[in-house]
Amino acid sequence: MAEKPKDDAMYRFYQANIHERRFAARVARGVPMGTIMLTTVLVLFGVFYSVALLLWLCAVLNVCMWLWIVSAAMFGILGVDKVYKELEREADASKAPATASTAPGQANPQAADDMRQVTHTIVFPNYKEDEAMLADTLQSLAEALGSEGFVVVLAMEEREGPEARAKAERLEGRFASSFAALFASYHPAGELEAHLDGSSDEEVPGKASNLKWAVQKAYEHCEQEPAIDVEQVVLTVADADVFFHPSYFRRIEHEYMLMKESPGEQHKWTMWQAPQLPYRNYFISPAPSRVWGYISSIYEFGGVASLSSGGHHMVFSAYSTSMQLAHDAGMWDGDVIAEDHHAYIKTFFYSVYRSAEAQLMPGKADGSDLGCRPALRVRPIMLPVKSTSVASAEGLWASYVERWHQATRHCQGVAELSYSLLVCWDMICTLPLSMYNVHFVMQLIKVMVRPFFMHIVPICQAIALGALTVYWVWHQRSVPMCPDRIWMASSDGETLLCGLAGAWALTWPVMIPFTMVAFANYRFIRSSFLEPSWAHPGASLWHMCDGGIPATWGSQVFTVVYTILFDALVLMAPLMVPYGLLAEVCGCWNVWWKGNHFNYVTAAKSIGGAATGYGTM
């Protein structure tokens, strides 16, 4: 529930909500669809009245997409080397004697003592999950280093009925001895989400509303435990199909304690993200799920890898942060769909609020008035998280339909662009000009641009490039101003424009990115699924998980290569029309008219015949 600001307090702009009844909220909801409609109008004007405008639109959008995809792929390809180093480091550490000085990630013996004070709380939101899937997830978690000290919450939905309680009780009976605490929370239906303008809406069923309830219950549990210091609790949220590397939590402990021992309070303002790869059921998943996996993995793996080089990335699906930060910022609202991106954006603006509040404090005269300095950071953990893709046990057609439901749900994430615009507007109306500095403005631009590139730029580029292609075919494979027989662009201005627009060859705007996507995903699968299963087949469930990839002519690698090449070079483009273009337009339309009020349909994820369905994946 949104907290109403006191009369003498600064307006809590980070608590803005796109469902508020004010005009600004309605405008923010309409921006994504309005941008697509404006692009379509400009493209049509270019087709019928000004080819130069059409070429310029295609050129600008092609360059944006090319730079985004190719840079993400390059960071992902290079990031695999970091994964190899981390896995090798953890393998060597597992062979060393378990002493305070040699345990993985320890800085010194005193740090080892302090680490024992860090409590990991892991929350698994789920709805109608297959019990076997949840059991595998808990078994994998029990194999993590230090798991005997974990507090684990099965975040159930009350609307699932008596079976949810029976399932939770059976799982508690099986795994209670593996953790310090294992209990279930039951999110009730019909809860209300209150807004700053005094309005309210019923919560949207889904991961966000479930987490909002479950994390509060977890926080209360930690407060009531005398042995737990809430300030020392690291919260991790994950879908019910996620396998963490056994050293994931120990690595976070190490970073947390290093930051705590350093000047400042960065340990209180950090979120941790590992690259997430949805390939646990790679070989049995249908083509739309595999294609989505390639694109998602490029974005996630490349984004996480870029953090070490000063890049920017938002948390996704399975991530960790300070429990106290999650509680204070109110990370999850009950009426959002994309809980992960919302949690990051809201917490970023919460850090802006806290920084500005400190700077504007009455009587402040210490000479440190340098404007806002948002403290939130995302740190990479280069130990990949393994999850599953949509694959229904009911057959191929059911898998295609459920992948559509998942795609439309993911595309609801465009609402976070509307949310960020609304919060930014409220922030500008709240903070004085003295709060803005170059560092803050650059961070703000990164936060605003990220959802725009994720949801809007690809659709606008597809519309423009598609229109140019139809124009080219309709006019006997020629475009005015552009040569019809050329391979590489010359230094001539018009020829260069035609080349960037893709008017005479789709090699650079399409084939090069698709090839890099294919190569990057080959490296992802080999480094994180195949080689760990070869080198350490019995070490843990994480290591044994090889994507269910069979050998072709005695080689799993050959199976991966021909599958990825066929998917990327033949299936990716046509499949992205319904599962990318149409799904995103539907998402923008729904956000415009309904906000996040959405018929949340879960998607099944089958591994060897068992199906499950919930979460953001």
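Worth saying up front: this structure is predicted, and the values here are computed from it rather than measured.

### Re the environment of Leu582
Tracing the backbone through its elements, the reader meets Leu582 in helix 18 (residues 556–594). The exposure class of Leu582 is partly exposed, given its relative accessible area of 43%. Residues Leu582 and Trp404, 178 residues apart in the sequence, show an inter-C-alpha distance of 9.9 Å. Apart from residues lying up to four places away in sequence, Leu582 is in contact with Trp404 and Val577.

### Quick word on the pairing of strand 10 (residues 377–380)
Residue alternation in strand 10 divides its side chains into a buried set, Val378 and Pro380, and an unburied set, Arg377 and Arg379. Of the pairings in the sheet, the one linking strand 7 (residues 270–273) to strand 10 comprises 4 bridges and is parallel in character. The residue bridging Met271 from the neighbouring strand is Val378, located in strand 10.

### Digging into helix 11 (residues 396–411)
Its 16 residues give helix 11 an end-to-end C-alpha distance of 23 Å, which sits within 8% of 22 Å, the value for a rise of 1.5 Å per residue. For helix 11, every residue scored as buried is listed here: Ala398, Ser399, Glu402, Arg403, Gln406, Ala407, Thr408, Arg409 and Cys411. Residues of helix 11 that are buried sit in contact with helix 8 (287–306), helix 13 (438–455) and helix 18.

### Examining the confidence of the model for the protein chain
Mean pLDDT for the protein chain: 90, with 88% of residues reaching 70 or above. Note that residues 609–617 has pLDDT below 50 and, in this model, 53 contacts with residues that lie over four places away or in other chains.

### What about the environment of Ser178?
Relative to the helices and strands, Ser178 is located in the loop between helix 5 (162–175) and strand 3 (181–187). For Ser178, a relative accessible area of 21% gives the class partly exposed. Sequence separation between Ser178 and Leu141 is 37 residues; the distance between their C-alpha atoms is 9.1 Å. Residues contacting Ser178, with those up to four places away along its chain left out, are Ala142, Ser147 and Glu148.

### Digging into the packing of aromatic side chains
In this structure the tally under the stated criterion is 24 aromatic pairs. Residues Trp68 and Tyr299 carry aromatic rings whose centres are separated by 6.3 Å and whose planes lie at 70° to one another, so their mutual orientation is edge-to-face. Note that Trp68 is positioned in helix 2 (residues 51–95) and Tyr299 in helix 8, a separation of 231 residues in sequence. For Tyr299, a relative accessible area of 11% translates into the label buried. Taken together, the aromatic side chains of Phe13, Tyr14, Trp269, Tyr350 and Tyr353 make up a single cluster linked through ring pairs. A cation over an aromatic ring shows up here: Arg165 above the ring of Tyr186, its NZ or CZ 3.9 Å from the ring centre.

Parameters and conventions
Residues numbered from 1 in each chain as written. Predicted model: local features only at pLDDT ≥ 70, side-chain atom pairs only at ≥ 80, totals over all residues. Heavy atoms only, no water. Helix = DSSP H or I, 4+ residues; strand = E, 2+ residues; numbered from the N terminus. Buried < 20%, exposed > 50% of the residue type's maximum accessible area, 1.4 Å probe, protein only. Contact = heavy atoms within 4.5 Å. Pairing = 2+ DSSP bridges. Expected span 1.5 Å × (residues − 1). pLDDT = per-residue confidence, 0-100. Phe/Tyr/Trp six-rings, centres within 6.5 Å; stacked < 30°, edge-to-face > 60°. Lys NZ or Arg CZ within 6 Å of the ring centre and 35° of its normal.

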